[in-house]
Amino acid sequence: MDFEFVKIEKHDQIAVLKLNRPDRLNALHGPIMEEIEQASKSFLYDEKTRVVIFAGEGKHFSAGADLKATGGGDSRPTRLLQRRHAGLGARMIRSIVEINQVTIAAVQGAALGGGACIPTACDFRIGSNDCFMGYPEVNLGINLQWVALPLCVHLIGPARAKRMVMLGNREDADTLLNWGYLDEVVERDQLMDKVFEMAEEYARRPPIAVQMIKQSINMISSALDQAIMHMDSDQNTLSAMTEDRTEGIKAFFEKRDAQFKGN
Ligand code: COA
């Protein structure tokens, strides 16, 4: 399968799925999200791969939604098409959660917004000591969507999730490790070695048992997630129409604090 914005490398039983748009800090626009979904699904009948590592090319894991691609709104001609397109992020995240193999995210630099949602859709997360993660959506006037809110709550509990998602601050590697959001933190130049070390540990286990256990734990912890969060993209479409959303994006590019008025 040929991809433009995603690279898949295979090393025996371990595959690396790399976001490959470094000139845009691996920001997530429609085409890269569709490729991530297709790449995640490509492991379905792959018997050899036992662990899939998610990584990002360049300085940052991912700067999240591509704010230049959207221009702050959705330019599709009808609300009908906007609504269909709004489900793409959830489809992408679900395709990662549903990978049979064990998944590990290798996080360096920034992993913000959708760039944080991808690691939380993986089974494990190892960060470099200079990584930082967070959900800036609120400061752009929008909700966190892509059915990613419960993934955050499951990892760190409601109080810390509220702090992360309602304030939209960046949290550093030590805090994320302390909260259990990251499983391990290592020096940046050791990141991939550490991730491979963890991957090899899982690859040595019997894959049928490991994959059934993974699926069962996912089902136990997420049984209600889809039912509760199925309208988060509709909420996003609504919040994306507000003046606060326009102001949030404008303030980001003008490098100033946004003034939100509740409109
Ligand atoms: N979408 C589109 N362009 C983005 C972007 C995004 N999400 N994040 C950064 N960029 C652009 C910047 O505007 C800048 O463009 P320019 O060179 O034309 O001025 C370029 O990428 C480099 O960004 P810069 O902020 O200088 O890089 P940095 O290494 O200092 O910081 C980040 C990187 C990711 C921490 C910072 O850019 C950031 O906070 N980005 C916004 C994250 C965000 O809010 N994402 C949306 C989530 S819903």
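Presented here is a report on the structure given in the accompanying data block. Nothing here was measured: the structure is a model prediction, and the numbers come from that model. (Residues numbered from 1 in each chain as written. Predicted model: local features only at pLDDT ≥ 70, side-chain atom pairs only at ≥ 80, totals over all residues. Heavy atoms only, no water.)

## Quick notes on the side chain of Asp 123
Here's step 1: Relative to the helices and strands, Asp 123 resides in the loop between helix H5 (114-121) and strand E6 (124-128).
Here's step 2: A distance of 2.9 Å separates the side chain of Asp 123 from the side chain of Lys 214, its partner in a polar contact.
Here's step 3: Apart from residues no more than four positions distant in its own chain, Asp 123 is found in contact with Gln 101, Val 102, Thr 103 and Lys 214. (Helix = DSSP H or I, 4+ residues; strand = E, 2+ residues; numbered from the N terminus. Polar contact = N/O pair within 3.5 Å; in protein donor to acceptor, adjacent residues only side chain to side chain. Contact = heavy atoms within 4.5 Å.)

## Details of the site of the ligand
Here's step 1: Taken together, 18 residues lie around the ligand, and Lys 59, His 60, Ala 63, Leu 67 and Arg 170 are the ones closest in.
Here's step 2: Here an oxygen atom of the ligand sits 2.8 Å away from a polar atom, N or O, in the side chain of His 60.
Here's step 3: Leu 67 is positioned with one of its backbone polar atoms (N or O) 2.9 Å from a nitrogen atom of the ligand.
Here's step 4: Protein burial of the ligand: of its 870 Å² of free accessible surface, 71% is covered by the chains.
Here's step 5: Among the elements of the structure, helix H2 (67-70), strand E5 (110-112) and helix H12 (243-253) are those that each provide at least two residues to the shell around the ligand. (Near = heavy atom within 4 Å. Areas by Shrake-Rupley, 256 points an atom, 1.4 Å probe, with all protein chains shown as cover.)

## So, the pairing of strand E2 (residues 14-19)
Here's step 1: When you tally the buried positions in E2, you get 6 out of 6 residues, the bulk of the element.
Here's step 2: Burial along E2 is two-sided: Ile 14, Val 16 and Lys 18 and Ala 15, Leu 17 and Leu 19, pointing in opposite directions, are all buried.
Here's step 3: Direction of pairing for strand E1 (residues 6-11) relative to E2: antiparallel, over a ladder of 6 bridges. Counted as the bridge partner of His 11 is Ile 14 from E2.
Here's step 4: Taking the residues between adjacent antiparallel strands as the criterion, E1 and E2 are bridged by 2 residues, where Asp 12 takes a positive phi near 55 degrees.
Here's step 5: Inspection of the sheet shows E2 paired to strand E3 (residues 51-56) by 6 bridges, in the parallel sense. Of the residues in E3, the one forming a bridge with Ile 14 is Val 51.
Here's step 6: Tracing the backbone out of E2, into helix H1 (residues 30-41) and back to the parallel element E3 gives a crossover that is right-handed. (Buried < 20%, exposed > 50% of the residue type's maximum accessible area, 1.4 Å probe, protein only. Pairing = 2+ DSSP bridges. Right-handed = clockwise from strand over helix to strand, strands pointing away.)

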